[in-house]
Amino acid sequence: MLKKILLALVLILAALILVVATRPAEFRIARSHSIAAPPGVVFALVNDFHQWNAWSPWAKLDPAMQQTHAGAPAGTGAIYSWAGNHAVGEGRMTITDSRPSELIRIRLEFQKPFAALNTTEFTFAPTGQQTTVTWNMTGTNNFMARAFGLFMNMDKMVGDDFEKGLVQMKVAAEAAAQQP
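Residues numbered from 1 in each chain as written. Predicted model: local features only at pLDDT ≥ 70, side-chain atom pairs only at ≥ 80, totals over all residues. Heavy atoms only, no water.

Q: So what's going on with the pattern of salt bridges? Which residues, and what values?
A: A complete count under the given rule lists nine salt bridges for this structure. Residue Arg107 pairs with Glu109 through a salt bridge whose shortest N-O separation is 3.5 Å. The partly exposed category is assigned to Arg107, whose relative accessible area is 38%. When the shortest N-O distance is used, the salt bridge between Glu174 and Lys170 registers 2.7 Å. (Salt bridge = Lys/Arg side-chain N within 4 Å of Asp/Glu carboxyl O. Buried < 20%, exposed > 50% of the residue type's maximum accessible area, 1.4 Å probe, protein only.)

Q: How would you sum up the packing of aromatic side chains? Please name residues and give values.
A: The description of an aromatic ring pair rests on the distance of the ring centres and on the angle between the ring planes. Under the counting rule described, the total for this entry stands at 13 aromatic pairs. With a centroid separation of 4.5 Å and 45 degrees between ring planes, the pair formed by Trp52 and Trp55 is classed as tilted. Ring centres of Trp82 and Phe110 lie 6.1 Å apart, and the angle between their planes is 85 degrees; on these two criteria the pair is classed as edge-to-face. One end of the pair, Trp82, is in strand β3 (residues 78–83); the other, Phe110, is in strand β5 (residues 103–112), and 28 residues separate them in sequence. Classification of Trp82 by relative accessible area gives buried; the value is 9%. The class of Phe110 is partly exposed, set by a relative accessible area of 21%. Site record: aromatic cluster; members linked through ring pairs are Phe49, Trp52, Trp55, Trp58, Tyr80, Trp82, Phe110, Phe114, Phe122, Trp135 and Phe162. (Phe/Tyr/Trp six-rings, centres within 6.5 Å; stacked < 30°, edge-to-face > 60°. Helix = DSSP H or I, 4+ residues; strand = E, 2+ residues; numbered from the N terminus.)

Q: Tell me about the sheet that holds strand β7 (residues 130–140), and please be specific about residues and values.
A: What the seven strands build is an open sheet, ordered β1-β7-β6-β5-β4-β3-β2; its pairing is antiparallel. Since the sheet does not close on itself, it has two edges, and those belong to β1 (26–35) and β2 (66–71), each with one partner. Within this sheet the neighbouring strands show an average axis-to-axis angle of 20 degrees, counted without direction. Where β3 and strand β4 (residues 90–99) come together, five bridges link them in antiparallel fashion. Looking at the pairing, Ala83 lines up with Glu90 of β4. The sheet contacts of helix α2 (residues 39–47) involve β1, β4, β5, β6 (116–127) and β7, and relative to β6 the element is tilted by about 165 degrees. Helix α4 (residues 154–178) contacts β1, β6 and β7 of the sheet and is inclined by roughly 25 degrees relative to β1. (Pairing = 2+ DSSP bridges. Axes fitted to C-alpha atoms, helices over the stretch in contact; angles between N-to-C directions. Contact = heavy atoms within 4.5 Å.)

Next up, the structure:
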């Protein structure tokens, strides 16, 4: 009887491992939003990490979060590091490509609560009197992240944060666009 139970557990575990192993390793999460401001105004809010507290969905989750800036003051080479509570974790962002009013590419390194290396991009497309901002993140899920994905919808979790950030970015950019 014990052998049958152990065999059943081994088979269940093997099936679970097989299911996790067949899940896609690559992921992409993206959200877009239209903002009534010129591309240059919106671009400036993202290109300078000092401006992120005005719109970042994570800035308000830990008011005591430690933040440091290094490298270039803005644009390519700018570095932002943070260490905060369990809601924001710990990590570092480096702008690796900055094309005015067009694209910002960021190397995103998480240390806590889990280690991960992702790429984040913001694109800015003029559409009439508005700018369509697209925020996306791409990366590779390791085995544990794929297993986690069986129980949690990461696109929805992170995507919801992107949507909140884009709404807050809209408010900040539209206010900045109204200033002389």
